[in-house]
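The primary structure of each chain is shown beneath.
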Amino acid sequence: MAKAVLTISSKNNGAWALRGWLMCRLAGLDFVEKVIPPDDPAMKAEMLLLSSSMLVPSLEHQGIRVWDTMAIGEYLHETFPKAGLLPADAAARAHCRAICGEMHSGFSALRGALPMNIKARFKDFKVWSRAQADIDRIVAIWRECLSTYGGPFLFGKRPGLADAMYAPVVTRFRSYGVALDEVCAAYSQQVLELPAMREWIAAALQEPEEIDELDAEF
């Protein structure tokens, strides 16, 4: 049987691509990557929200094509239930879906002010007030989850859908030098040390030094 195919974009700048890719890794899916270069005209249209094609991330598996990161996560949960992408407990599962949905549709100020750039390190970066409000909300979510479910990941001992959704934020906080308390800093390090995250970051570091600012995924 042919392997699944996951279509993604830049690993240095592709926040949504990272989310979908990490979900597939955590689910244990055997897949190959199809990378659309950021200078592809269709990709530029996608990133500038001028296209409805939903090119990235997009998963093809057993004759099924699914796009949109949250839809990919739900599909993987249904297909690989033993992977534990969503919590077994109904209340925790609802909580997980809620914070994933909040990331999926919110935090626009953070996305605009701190675009994902894994290779970059910005010294003394000034975070404006609206972006800071998004940061404050994210760390509040992390603290609540880590306290409620015991860590080291947001919903317990295993990384899952929520950790994949917030993984690009972890890289942003590192790139822009966002100060974190001890609990959130430890959680960020747990995410960065995941073997899949190390693989992604290593690949991101091999990409060309810069792409056009308009090509960066938020």
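Above this text is the structure in question.
Residues numbered from 1 in each chain as written. Predicted model: local features only at pLDDT ≥ 70, side-chain atom pairs only at ≥ 80, totals over all residues. Heavy atoms only, no water.

What follows concerns the sheet that holds strand E3 (residues 58–61). The sheet built from four strands is open, its strands ordered E2-E1-E3-E4 with mixed pairing. Sheet topology places strand E2 (31–35) and strand E4 (64–67) at the edges, where each strand pairs with a single neighbour. Taken over all neighbouring pairs, the strand axes of this sheet differ in orientation by 20 degrees on average, direction set aside. For E3 and E4, the ladder comprises four bridges, and the chain directions are antiparallel. Its bridge partner lying in E4, Ser 58 is registered against Trp 67. Each of strand E1 (4–8), E2 and E3 touches helix H1 (residues 15–27); the most contacted strand, E1, lies at about 160 degrees to it. In the packing of helix H3 (residues 69–79) onto the sheet, the strands contacted are E3 and E4, and the crossing angle to E4 comes to about 135 degrees. (Pairing = 2+ DSSP bridges. Helix = DSSP H or I, 4+ residues; strand = E, 2+ residues; numbered from the N terminus. Axes fitted to C-alpha atoms, helices over the stretch in contact; angles between N-to-C directions. Contact = heavy atoms within 4.5 Å.)

All right, on to the nonpolar core then. Considering soluble globular proteins, one finds that nonpolar side chains tend to be buried as a cluster. Counting residues in each nonpolar core, the largest one holds 66 residues, and the members touching the most others are Leu 59, Trp 142, Leu 154 and Tyr 166. Filtering out sequence-adjacent residues up to four positions away, Trp 142 remains in contact with Leu 154, Tyr 166, Val 169, Val 170, Phe 173, Leu 180, Cys 184, Tyr 187 and Ser 188. (Core = buried A, V, L, I, M, F, W, Y, C linked by side-chain atoms within 4.5 Å. Buried < 20%, exposed > 50% of the residue type's maximum accessible area, 1.4 Å probe, protein only.)

Applying the stated rule across the entire model yields six salt bridges. Its salt-bridge partner being Arg 137, residue Glu 102 comes within 2.8 Å of it at the nearest N-O pair. Remark: Arg 137 occurs in helix H6 (residues 129–149) and Glu 102 occurs in helix H4 (residues 90–105); sequence separation between them is 35 residues. Relative accessible area serves as the criterion here: at 26%, Glu 102 is assigned to the partly exposed category. (Salt bridge = Lys/Arg side-chain N within 4 Å of Asp/Glu carboxyl O.)

Here the focus is the packing of H4 against helix H7 (residues 161–175). With their axes 9 Å apart at the nearest point, H4 and H7 run at an angle of 30 degrees to one another. Here H7 runs roughly parallel to H4, going by the angle between their axes. H4 and H7 meet at a crossing whose hand is left-handed. Facing H4, whose interface residues are Cys 96, Ile 99, Cys 100, Met 103 and His 104, H7 presents Leu 161, Ala 162, Met 165, Tyr 166 and Val 169. Among the residues forming the contact of H4 with H7, the class breakdown is nine nonpolar, one polar and no charged. (Parallel < 35°, antiparallel > 145°, perpendicular 65-115°, else oblique. Left-handed = near helix turned anticlockwise from the far one by under 90°. Nonpolar A, V, L, I, M, F, W, Y, C, P; charged D, E, K, R; others polar.)

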